[in-house]
Amino acid sequence: MARTRVRISSLLALSAALALVTGCGNGTDSDAATDTPAKAGAPAAGKDKPVVVVTTTWEGAFAKAAGAEDVKVIVPQSVHHAPDYDPKPSDLAAVAKADFVLYAPFEPYAAKIKEAAGSKAKLVEVNLDNDPDKVKAEVDKLGALFGTQDAATKWKTGFDAEYGKLNKEVQAGWPGGKSPSAVTQVFTGWSAKLAGATVVGTYGPEAVTPGQLAELSAKKPALVLDNAHMSTGTVLPDSGAKQVKIVNYPGEDLDLLAVYRNAAAELKKAMGTS
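Since we're looking at a predicted model, the values are computed, not measured.

Draft legend 1. Region of interest: the overall build of the protein chain. Each helix and strand counted, the protein chain has nine helices and eight strands in total. Within the protein chain, the proportion of its 274 residues that are buried is 47%. Within the protein chain, residue pairs in contact and separated by at least 24 positions form 61% of the contacts whose partners lie at least 6 positions apart. Accessible surface, the protein chain as shown: approximately 12,400 Å² in total, 54% of it carbon and sulfur.

Below, the structure is given as structure tokens:
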């Protein structure tokens, strides 16, 4: 989850330019704190589908899974570290026209983006975790907010089928037919669950300390499930564990299922079954 902060130094300057283009001021939104779409963030009259702006492709994939069709991503998927990205006037213009702005708790710049753009959108906090139960809970929540419950339910049915298939495929590749032991980064535990691995320790988000290195190595894990977005290099050198790169963020197509397919492929490769 390395993409934790977008620089906001340019936002105030950009908002001034944006006001000339959009006619949006920096007024406050007294209804933004409510949870009722009819009061805050509801689609404008005559508009069937909500306009959703998201900070990253991860929130975007959740929104798409919940049934949103008009989704604008602020931080490009190609930006590996969000702090390297400076929002453009077009980003703020998109926020100004949004019904909903989705962000994660570790992305405090989202509120700044909304403020700078003078948006009346409802700001929605999303729990970014690819654990299947948490994903479905968020999709349910967003579907209710967007008024797209039917689409959200349909997506969850397809998700359950695909996840179950991948889970069986990965577990079929267990070396010797036994669950492999694994050390996970704090944000990759979901991939251990996908693999049916036995978690013997966790680390991060900071780099492993010498003490942690000794402790985790002593557990003799077969796998280290590293976070591709905030990797600190080889986590347990000389331990014999195979390090697996786990990607949390979906691509530009906002296909969340692709994240699970990619993880399954990497896990099978590490276990020597593909």
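Don't stop here, the text continues.
Draft legend 2. Spatial organisation of helix H6 (residues 149–171). Along its 23 residues, H6 runs 32 Å from first to last C-alpha, staying within 8% of the 33 Å computed at 1.5 Å per residue. Residues of H6 that are buried: Ala152, Trp155, Lys156, Phe159, Glu162, Tyr163, Leu166, Asn167 and Val170.

Draft legend 3. Geometry of the sheet that holds strand E1 (residues 51–54). The parallel open sheet is built from four strands, whose spatial order is E2-E1-E3-E4. Among the strands making up the open sheet, the edge pair consists of strand E2 (70–73) and strand E4 (122–125). The mean angle between the axes of side-by-side strands here comes to 25 degrees, regardless of whether they run parallel or antiparallel.

Draft legend 4. Unusual backbone geometry, seen in detail. Going from Gly204 to Pro205, the amide bond is cis rather than trans, its omega being 5 degrees. Assignment of secondary structure puts Pro205 in the loop between strand E6 (198–203) and helix H8 (210–218). In this structure, Lys220 takes a positive phi of about 50 degrees despite not being glycine. In this structure, Lys220 sits in the loop between H8 and strand E7 (223–227). Note on Lys220: relative accessible area 66%, which makes it exposed.

Draft legend 5. Summary view of the pattern of salt bridges. Throughout the structure, instances matching the rule amount to 14 salt bridges. Across the salt bridge formed by Glu169 and Lys165, the nearest N and O atoms sit 2.9 Å from each other. On the criterion of helical spacing, the pair formed by Glu169 and Lys165 is a turn pair, its members being four residues apart in helix H6. Looking at Lys165, the relative accessible area reads 43%, which means it is partly exposed. Connected through salt bridges with shared partners, the residues Lys72, Lys88 and Asp91 form a single ionic network.

Draft legend 6. Spotlight on the pairing of E7. Taken across its five residues, E7 has five buried, putting it largely inside the fold. Because side chains alternate across E7, one face comprises the buried residues Leu223, Leu225 and Asn227, and the other comprises Val224 and Asp226, equally buried. Taken together, the five bridges between E7 and strand E8 (residues 242–246) define a ladder with parallel strand orientation. By the bridge assignment, Leu223 is partnered in E8 with Lys242.

Draft legend 7. Representation of the side chain of Thr184 in the model. If you trace the backbone, Thr184 turns up in strand E5 (residues 181–185). Ignoring anything within four residues of it in the chain, the contact list for Thr184 reads Gly189, Ala192, Val199, Gly201, Thr202, Tyr203 and Leu225.

Parameters at a glance
Residues numbered from 1 in each chain as written. Predicted model: local features only at pLDDT ≥ 70, side-chain atom pairs only at ≥ 80, totals over all residues. Heavy atoms only, no water. Helix = DSSP H or I, 4+ residues; strand = E, 2+ residues; numbered from the N terminus. Buried < 20%, exposed > 50% of the residue type's maximum accessible area, 1.4 Å probe, protein only. Contact = heavy atoms within 4.5 Å. Areas by Shrake-Rupley, 256 points an atom, 1.4 Å probe, with all protein chains shown as cover. Expected span 1.5 Å × (residues − 1). Pairing = 2+ DSSP bridges. Axes fitted to C-alpha atoms, helices over the stretch in contact; angles between N-to-C directions. Salt bridge = Lys/Arg side-chain N within 4 Å of Asp/Glu carboxyl O.

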